[in-house]
There are 2 protein chains.
Amino acid sequence: MSEMLYTIKDVSDRTGISPHTLRFYDKEGLLPFLRKSPHGTRLFSEEDFESLFTITCLKKSGMSLHKIRDFMQLYAKGVETLPERQYMFEEHRKEILARMKELEEMLNIVNYKCWYFAEARLRNDPDFYKKLSAEEMPPQMIEFMSKVQNFKQAIDSGEPHDSV
Amino acid sequence: MSEMLYTIKDVSDRTGISPHTLRFYDKEGLLPFLRKSPHGTRLFSEEDFESLFTITCLKKSGMSLHKIRDFMQLYAKGVETLPERQYMFEEHRKEILARMKELEEMLNIVNYKCWYFAEARLRNDPDFYKKLSAEEMPPQMIEFMSKVQNFKQAIDSGEPHDSV
DNA sequence: CCTTGACTTAGAGTATTCTCTAAGGTCTAT
DNA sequence: ATAGACCTTAGAGAATACTCTAAGTCAAGG
């Protein structure tokens, strides 16, 4: 059985990555594994799909094309770059976890805001929250307010200006 | 007690948002609540910090400045836009949840890759995975391989080209 | 044979989110 | 009054990740 090779169009149809983008990735050095036909046509092998899959995963998880290129270049160099590649992935893993934590925090804020909008509509009063006693405030509101305080007092050594 | 007002520099020092960026946000319509002094100096009130906090949260959670502007414009219009603002936040909440789910999936892939690199170094063989029997493969590897298959066969009606 | 369509290259254009520069006005302290 | 720090505006430049255009090559189908 001869090796099956795919054209840029085949790959585009299968992966949903446009031929334009594939050529762009190639130009940027993200596809060092790529072979070319005698007249320069890009040829993708069965194995290359795994690399393309890895590229889309790294991208979706927030890695820049620049870093992805660095990784793919190491990959192309072979086994002796395994330690570097491992390090890159360990670091990237930490970044994903940090991003997930940040998103979770932001979700809390947005959840509070959703509650606020529902409540404000119910009462037909956007300022209702200012009139709540400490006992009436739900915990997420207290949390939100304390976060606003933190945000506002990052550096609190200077006196605010009086006036107008 | 007269109202306390803050200059762009004060706000920058407290929030870490550069004066440049604050002016840029103003120019783009993200700060419709802003007042100006007789000679045009931007003046921020105590309350405006909450709006700035909301802006940074929306940004960190992936909302575009364009959408944030739309939201702030609605906010400036007052109580009658509460339903629209509520809708925007409900939708944004869904987007955050979708993004979190995607990140979690990507984390699984990256976790698998971390395992792969550790194992490949241990065995000093980047191709060890090809030699594993079905029983020897950890579940995350089987999952990874099935995802690569899905990725590659998005549209599997066309025959691959033979050759070279 | 000629059209169609996929491929090639180099390079320009787009959207987003800043980031900086230039040119100039105003305020405060010495 | 003059320096220095702050403010204003308009607009250029940068990084990222495409996205498209132009100009041209090549091979297969009618």
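Quick notes on the rules
- Residues numbered from 1 in each chain as written.
- Chains lettered and ligands numbered in written order.
- Predicted model: local features only at pLDDT ≥ 70, side-chain atom pairs only at ≥ 80, totals over all residues.
- Heavy atoms only, no water.
- Contact = heavy atoms within 4.5 Å.
- Buried area = accessible area lost by both parts, 1.4 Å probe.
- Salt bridge = Lys/Arg side-chain N within 4 Å of Asp/Glu carboxyl O.
- Polar contact = N/O pair within 3.5 Å; in protein donor to acceptor, adjacent residues only side chain to side chain.
- Helix = DSSP H or I, 4+ residues; strand = E, 2+ residues; numbered from the N terminus.
- Nonpolar A, V, L, I, M, F, W, Y, C, P; charged D, E, K, R; others polar.
- Buried < 20%, exposed > 50% of the residue type's maximum accessible area, 1.4 Å probe, protein only.
- Least-squares fit on C-alpha atoms with pLDDT ≥ 70 in both.
- pLDDT = per-residue confidence, 0-100.
- Near = heavy atom within 4 Å.
- Phe/Tyr/Trp six-rings, centres within 6.5 Å; stacked < 30°, edge-to-face > 60°.
- Axes fitted to C-alpha atoms, helices over the stretch in contact; angles between N-to-C directions.
- Parallel < 35°, antiparallel > 145°, perpendicular 65-115°, else oblique.

### Side note on the interface of chain B and chain A
Quite often, the size of an interface is put as the accessible area lost when its parts meet. The interface is formed by 72 residues belonging to chain B together with 72 residues belonging to chain A. Roughly 6,600 Å² is buried in total at the junction of chain B and chain A, and carbon and sulfur atoms are behind 67% of that figure. When the area that chain B buries against chain A is broken down by residue, the three leading residues are R14, F117 and F151 of chain B, summing to 12%. Notably, a salt bridge pairs E50 of chain A with K113 of chain B, separated by 3.9 Å at the nearest N-O pair. Summed over the shared surface of chain B and chain A, the result is 12 residue pairs in polar contact (both at pLDDT 80 or more). Elements with a contribution of two residues or more to the side of chain B that touches chain A: β1 (4-6), α1 (8-15), α3 (48-60), α5 (82-123), α6 (139-152) and β4 (161-162) of chain B. Sorting elements by how many residues they give to the side of chain B that touches chain A places α5 of chain B first, with 27 residues. Here the residues of the side of chain B that touches chain A sort into 36 nonpolar, 15 polar and 21 charged.

### Things to note about the pattern of salt bridges
Any two side chains of opposite charge can pair, so long as their charged atoms come close to each other. Applying the stated criterion to the full structure yields 28 salt bridges over all chains. The residue K152 of chain B makes a salt bridge to E46 of chain A at a minimum N-O spacing of 3.0 Å. With K152 of chain B in helix α6 and E46 of chain A in the loop between β3 (42-45) and α3 (48-60), this residue pair bridges two chains. Given the relative accessible area of 7%, K152 of chain B is considered buried.

### Quick word on the relation of the copies chain B and chain A
In this structure, two copies of a chain are linked by a rotation about an axis accompanied by a shift along it. Of the two same-sequence chains, chain B is brought onto chain A (RMSD 0.0 Å, axial shift 0.0 Å) by a rotation of 180 degrees. Put plainly, the chains are arranged around a two-fold axis. By C-alpha distance to the rotation axis, the residue of chain B lying nearest is M100 of chain B, at 3.2 Å. With an isologous cut-off of 70% or more, the 100% of interface residues of chain B that recur at the interface of chain A puts this contact in the isologous class.

### Considering the confidence of the model for chain A
Residues and elements named next belong to chain A. Here chain A averages 88 in pLDDT, while 91% of its residues score no lower than 70. Predicted confidence in chain A is weakest over strand β4 (residues 161-162), with a mean pLDDT of 39, and strongest over helix α5 (residues 82-123), with 96. Confidence drops under a pLDDT of 50 for residues 156-164, and excluding neighbours within four residues, the segment shows 16 contacts in the predicted structure.

### Comments concerning the protein's contact with DNA strand D
Taken together, 16 residues sit near DNA strand D, with H20 and Y25 of chain A together with I8, R23 and R42 of chain B positioned nearest. Those atoms of DNA strand D that come within 4 Å of the protein belong to sugar or phosphate at a rate of 68%. R23 of chain B is positioned such that a nitrogen or oxygen atom in its side chain is 2.5 Å from a phosphate oxygen of DNA strand D. One nitrogen or oxygen atom from the side chain of R42 of chain B is found 2.5 Å from a phosphate oxygen belonging to DNA strand D. Elements with a minimum of two residues in the surface near DNA strand D: α2 (19-27) of chain A together with α1 of chain B. Tallied by class, the residues present in the surface near DNA strand D amount to four nonpolar, seven polar and five charged.

### Things to note about the protein's contact with DNA strand C
DNA strand C sits among 16 residues. The nearest are R23 and R42 of chain A together with H20, Y25 and H39 of chain B. Here DNA strand C approaches the protein such that, of its atoms within 4 Å, sugar and phosphate make up 69%. In this structure, a phosphate oxygen belonging to DNA strand C sits 2.4 Å away from a side-chain N or O atom of R23 of chain A. Here a phosphate oxygen of DNA strand C and a side-chain polar atom of R42 of chain A are 2.5 Å apart. Looking at the surface near DNA strand C, the elements with two or more residues in it are α1 (8-15) of chain A together with α2 (19-27) of chain B. Examining the composition of the surface near DNA strand C, we find that four residues originate from one element, α2 of chain B, more than from any other. Its residues assigned to classes, the surface near DNA strand C comprises four nonpolar, seven polar and five charged.

### With respect to the packing of aromatic side chains
This structure, assessed with the given rule, holds 28 aromatic pairs over all chains. Ring centres 5.1 Å apart and planes at 90 degrees place the aromatic pair Y6 of chain B and F49 of chain B in the edge-to-face group. In this pair, Y6 of chain B is assigned in strand β1 and F49 of chain B in helix α3, connecting sequence segments 43 residues apart. F49 of chain B carries the same exposure label as Y6 of chain B, and that label is buried. The rings of F53, F71 and F89 of chain A together with Y112, W115, Y116, F117, F128, Y129, F144 and F151 of chain B are connected pair by pair, giving a single aromatic cluster.

### Some thoughts on the environment of Y6 of chain B
We classify Y6 of chain B as buried; its relative accessible area is 2%. Considered as a pair, Y6 of chain B and L43 of chain B are 37 residues apart in the sequence and their alpha carbons are 5.6 Å apart.

### A closer look at the packing of α3 of chain A against α6 of chain B
Where α3 of chain A contacts α6 of chain B, the axes come no closer than 9 Å and their chain directions differ by 100 degrees. It follows that α3 of chain A is roughly perpendicular to α6 of chain B by the angle criterion. Note on element contacts: α6 of chain B touches α3 of chain A through F144, K147, V148, F151 and K152 of chain B, opposite F49, E50, L52, F53, T54 and T56 of chain A. Taken together, the residues that form the contact of α3 of chain A with α6 of chain B break down as six nonpolar, two polar and three charged.

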